[in-house]
Every structure is written in C-alpha cells, then in structure tokens.
Amino acid sequence: ETIEDIRKVAERHNLTIATFGHVGDGNLHACVIMDPTKPEQWAELKEIGKEFIELALKHKGTLSAEHGLGIAKAPFIEKELGLSHRVMKTIKDSLDPDHILNPGKMGFDQTVRDVLDYSAYKDFIEGLPEVKGFGEKIDQEIFACLMCGFCRAGCPTYRETGVESKNARGRVILAYNILTGKVPLSKELAEKFYACTVCMNCKAVCPAGVGVAEIVEAARRRLVEEGYLPEVHRMLIENIAQFGNPFQEPPEKRTDVYPSTYKVKEAETLVFFGCVTSYQDIQVVPSTMDILDRVGIDYATMGNEEHCCGYLAYLTGSERFKEFIERNLERFSRYAPKRIVTTCAGCYKTFKELYPQHGTFRIEVLHIVEYLDQLITSGKLKFEKSVDRKVIYHDPCDLGRHMNIYEPPRRILQAIPGLRLLEFKENRSLAKCCGGGGGLKAFDLDLSGDIAYRRAAEAAEQGAEIIVSACPSCKSSLQQAAARLRKEKKGRLKVMDITELVAEALA
Ligand code: SF4
Ligand code: SF4
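Residues numbered from 1 in each chain as written. Chains lettered and ligands numbered in written order. Predicted model: local features only at pLDDT ≥ 70, side-chain atom pairs only at ≥ 80, totals over all residues. Heavy atoms only, no water.

Moving on, we get to unusual backbone geometry. Of note in this structure, His99 is not a glycine but carries a positive phi near 55°. Along the chain, His99 falls in the loop between helix H4 (83-95) and helix H5 (122-125). Non-glycine residue Met147 carries a positive phi angle of around 65°. Inspection of the secondary structure assignment puts Met147 in the loop between helix H6 (136-144) and helix H7 (156-161). The exposure class assigned to Met147 is partly exposed, which follows from its relative accessible area of 37%. (Helix = DSSP H or I, 4+ residues; strand = E, 2+ residues; numbered from the N terminus. Buried < 20%, exposed > 50% of the residue type's maximum accessible area, 1.4 Å probe, protein only.)

Quick look at the structure:
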C-alpha cells in the first residue's frame, strides 16, 4: 500500500521515484530521481518530502527509521510522537532552559529550516560568476554522485593511500569545487587528478554508475589550460611530437626485431604495434608476426613510419592529441588498410573510440585478441601442442572496462591444450588495474608499483605460474611487480603477453 501511495506521489509531481527497501525490518527507501540543476524540481522535491512524512504517519511508520531525525525532519516529529514528545520537551526545557544543548534537533525549539534549498548545488544553480562548468555531460556526471563512498571498494589509488582525495568520491568533490571556483587550481590539486589510473573501477562498483574517469579527464583538461600539466607528461608529449614516440627513440628502431624475411608491402590488414611494444616489450612483435605467418595471413605493418597513437596526450588532457590524430590519419590514408589490428589495449581504445570522435576515421579496428579469437572460431588457428601451465589472465582496463572485451582472450587461452586458466578474485569488470594506467606510472612510480605489486601477489596466491595480459603496458608493470615478489621470496611468476603464449603454443 505504501509503495502504491509513493507511486501516486511520483505521478502527481511528474518525477520518477525509485522505491526499494529492507524486507526484514520493513523499511522503504523512496529515492526521487531529479535534475539538481533545475530549481523547479527542487520545489517539487520539498513538497514530496512533506507528502512522504504524511505517508509514513498514515501507514503507521516512523519518520526516523533506524536513523536520527537530523534537521530536515525535526519539526515534524511531534506529529508522530504526540504526548510523549511534549513530555520529552518538558524534561529538556528543565535541564537546558537556555537551549544550548544540541540546538535545532528533535523538534524541541520549533525551528523549521529549509535544508533542501538546492543543497550542495546552490552556487551552480544561481550561476555565480565564478562558476565555470565542464560542459553539460560532465557536470551531470558530477551531480549524479550520491557521495555514498562505495567507490572506495574499487579505487586502486584509494586502496594504497587510504586518502579520500585519491578516491573517486574525493575527486568528484574536488571537481565540483573547481567548477564552482571554490578551490583554486594548484600543483597540489593537480596531483590528486594525475594520481588517478583512469581505470574505471569506480564506475563498476558505483550504484549510480558515475563516470569518474571522464570527470578526471575533464579536470585534467582544465588544469592543462591553466598551466598545470605535470612536467613529466609535458616532456613525454614533447617527445611524441619530436620523435613519434614518448621514449625519444629513433623511428628506425621500430623494426629492429622484425624477422629478416619481412618485406614492406600493402595489405588489407595493417598490424599496429604501438610504442611500448615497439621499443620496450619487443618480444610481442616477432610473436605476433610468427602467429600470423603460420596462419597464412596477408598483413602489412607501418614499420618505421608507425607513430604514437597519442593516447597519453588524450589522457593527460593535452590539446596536442588532435595533432597526433592528424599525423596518424595522414599515414593511414597512405596505407589505406581495410582493418587495423593492434596488440596494444591503449592504441585499440584510442583508434576504436577516440579517433572517430575527432575526425573522419572509418577504418575497422580490432584488438589482436579479437582477431585471434576469430581465427580460432573459423578453424584457421589450431593448437596441437600441450602447454601444461597454470595461467591467470589479467584484464587490461583499456580493453575490459573501457571496451567491454572480456571473453575473447579467455577463449584463446582455453583453446590451448593442457593450459589451466585461473581467475583473479576480482576479474572482468571488477579487475583491478595494473597501476600503469592514466599516465600514473610516469607520474608516481611508487604508487603505480604498489598497485601492481598487490595484483601480482594475488596471482601468486591463486597458484598461477604465468600472468598473461593483452596489453604491453600491463605486462611491463606486472613484470616489475613480479620481480619485487621474487626478490622478497614471495613467489615466482612469469609475466607474458597473450601473443607470446600463443606463439609458444604453436612453436
Ligand atoms: S562516485 Fe559513485 S560510488 Fe563513489 S561516492 Fe559517488 S555515487 Fe558513490
Ligand atoms: S578511475 Fe580508477 S583510480 Fe581513478 S578514481 Fe576511478 S577507480 Fe580510482
């Protein structure tokens, strides 16, 4: 009956009210879904609040449930308690004639406060001159935060630091204060946003699905506009502009590990390795080429002409991302591939999701795990050799939560005879970051290393012999963590890219 009455309230005020509750102790939570930027909806909310009080009393409920009355409901408690409230008031008046103890509470002093008056959004709604929104979409994400703090369970930087300003909720609060001009931009403030791995774990555990990573990216753009791009990121981006990669490496080094048999050619399938693979995690290059050659795929690479996709510039809020898109679009137009297959999770997200937002990019993009999965399904890629190893798969954030690719890598691993696939306790959409995301590894190596260490330690606890990932950046972070574990005699783990394991299984 109460729920039915709540529905009628919703209809009367033309707002959605989501009602849920605790069956065991019989309490209901009726949540009004509203746009906090609209003053007229706040006016409706105040009326709804009063109607809820009438409803609770009508159905012989209580205004306080298991909580205190606070300030909002204090003036109404006499309606529920009647004579007993007057008795309590008499006792309170005799003990505290000057009303100095807990003033305004319990409805003893007849004060009615308008506590719902726009609440935290007052500055924004009144459009004060210092208010500078991030754009409607981001502003709405900020307003959607319930301040519940559930994101603490997901946020890897909070888990390591225990500091709220390095938790998703803390970052949302800081972003709101940037928006209203209450907190001046500073190096210290920038540090909170650049310490985020942009892993989106907060969104996976958030009851309101708040896009904190997008909020962080918007705050970073604002910080960059005002000159707070961290020096380390400025240097890396400058390197990309000058050398085509963040590591100051010469372009010709990209093909150092190509097999001597490789010939420059054109093909419908263009394999894009990315900078970390080309210069640091180089074993992925011959492994990928070996797999494709064995299956007989006609593919091309850009060799020395490959250029950084620019994801780091995007992540750190730099405008120069557009410049890197232009450079790559020009190169792609010369190769004119039908599809791009990349071994890097970051490049994959960048080409598949970000390039189409900024230009006329229309090429099909696949991550190597999707491509290999297709080859297995079509029967072109078959495994015969047994690989008797216990392997745990680490979901890269850029591939999993960002792009929703969870099953193809698992299907590939399960297709290898003898291989035993283990799972982290937190896997797929809840998988913890390797610590290297969002530019954190360059910005705060210690924090990044601690996050990776915890992830690798769990792999060892699960009894894995090999951690496999599908992103060279994850591999690099986890490899360093595995070395630390080994040094501390807490486990021996090998870390491999999925292409390396597949190539080994085919050899
Ligand atoms: S971001 Fe989500 S989980 Fe975190 S406080 Fe806000 S609503 Fe709660
Ligand atoms: S994106 Fe990751 S690191 Fe950043 S606030 Fe969310 S959970 Fe924390």
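Once that is clear, we can look at the sheet that holds strand E4 (residues 299-301). Pairing is parallel in the open sheet, where four strands are placed in the order E4-E3-E5-E6. The open sheet has two free edges, formed respectively by E4 and strand E6 (364-367), since each of these has just one partner strand. Strand-to-strand, the axes of this sheet are offset by a mean angle of 30°, without reference to chain direction. Across four bridges, strand E3 (residues 269-272) lies against strand E5 (residues 339-342) in parallel orientation. Across the sheet, residue Thr269 finds its bridge partner in E5, namely Arg339. Contacting E3, E4 and E5, helix H16 (residues 321-335) runs over the sheet at an angle of about 145° to E3. Across the face of the sheet, helix H18 (residues 368-377) comes into contact with E3, E5 and E6 while running at roughly 85° to E6. (Pairing = 2+ DSSP bridges. Axes fitted to C-alpha atoms, helices over the stretch in contact; angles between N-to-C directions. Contact = heavy atoms within 4.5 Å.)

This part takes up the side chain of Gln41. Position of Gln41 among the secondary structure elements: in helix H2 (residues 39-58). Dropping the residues within four chain positions of it, Gln41 is found in contact with Leu15, Met34 and Asp35.

Taken together, Cys145, Leu146, Met147, Cys148, Gly149, Phe150, Cys151, Arg169, Cys206, Pro207 and Val212 form the complete shell of residues around ligand 1. Counting atoms within 2 Å of the grid points, the majority share of ligand 1 lands in the largest cavity. Taken together, the residues of the shell around ligand 1 sort by class into nine nonpolar, one polar and one charged. (Near = heavy atom within 4 Å. 1 Å grid on protein atoms, 1.4 Å probe; cavity = no way out; pocket = protein on both sides within 12 Å on 5 of 7 lines; lining within 4 Å. Sits in = over half its atoms within 2 Å of the grid points. Nonpolar A, V, L, I, M, F, W, Y, C, P; charged D, E, K, R; others polar.)

Attention now moves to helix H8 (residues 168-179). Side chains of residues three or four places apart in an α-helix project in the same direction, reflecting 3.6 residues per turn. Here H8 spans 16 Å end to end across 12 residues, near enough to the 16 Å set by a 1.5 Å rise per residue. Within H8, 11 of the 12 residues are buried, leaving the element largely enclosed by the surrounding structure. Those residues of H8 not exposed but buried are Ala168, Arg169, Gly170, Arg171, Val172, Leu174, Ala175, Tyr176, Asn177, Ile178 and Leu179. Buried-residue contacts for H8 involve H5, H6, H7, helix H9 (187-194), helix H10 (201-205) and helix H11 (212-225). Positive phi appears at Gly181, one or two residues downstream of H8, with a value of about 75°. (Expected span 1.5 Å × (residues − 1).)

Turning to the layout of surface pockets, a few remarks are in order. Taken as a whole, the second largest pocket spans an internal volume of roughly 770 Å³. Classifying every residue of the lining of the second largest pocket gives 23 nonpolar, 14 polar and two charged. (Points joined across faces, edges and corners; volume = space filled by probe spheres on them.)

To continue, consider the site of ligand 2. In the vicinity of ligand 2, the contacting residues are Cys155, Pro156, Thr157, Ala168, Arg171, Cys196, Thr197, Val198, Cys199, Met200, Asn201 and Cys202. Mapping ligand 2 onto the cavity grids shows that it belongs to the second largest cavity. Every element with two or more residues in the shell around ligand 2 is listed here: H7, H8 and H10. Partitioning the shell around ligand 2 into residue classes produces eight nonpolar, three polar and one charged.

Scanning the model with the defined rule gives four cavities of 30 Å³ or more in all. Size it by volume and the largest cavity reaches roughly 120 Å³. Lining the largest cavity are 15 residues, with Cys145, Cys148, Cys151, Cys206 and Val210 positioned closest to its centre. Per-element accounting of the lining of the largest cavity gives the leading share, three residues, to H8.

Shape descriptors only; they carry no functional weight alone.
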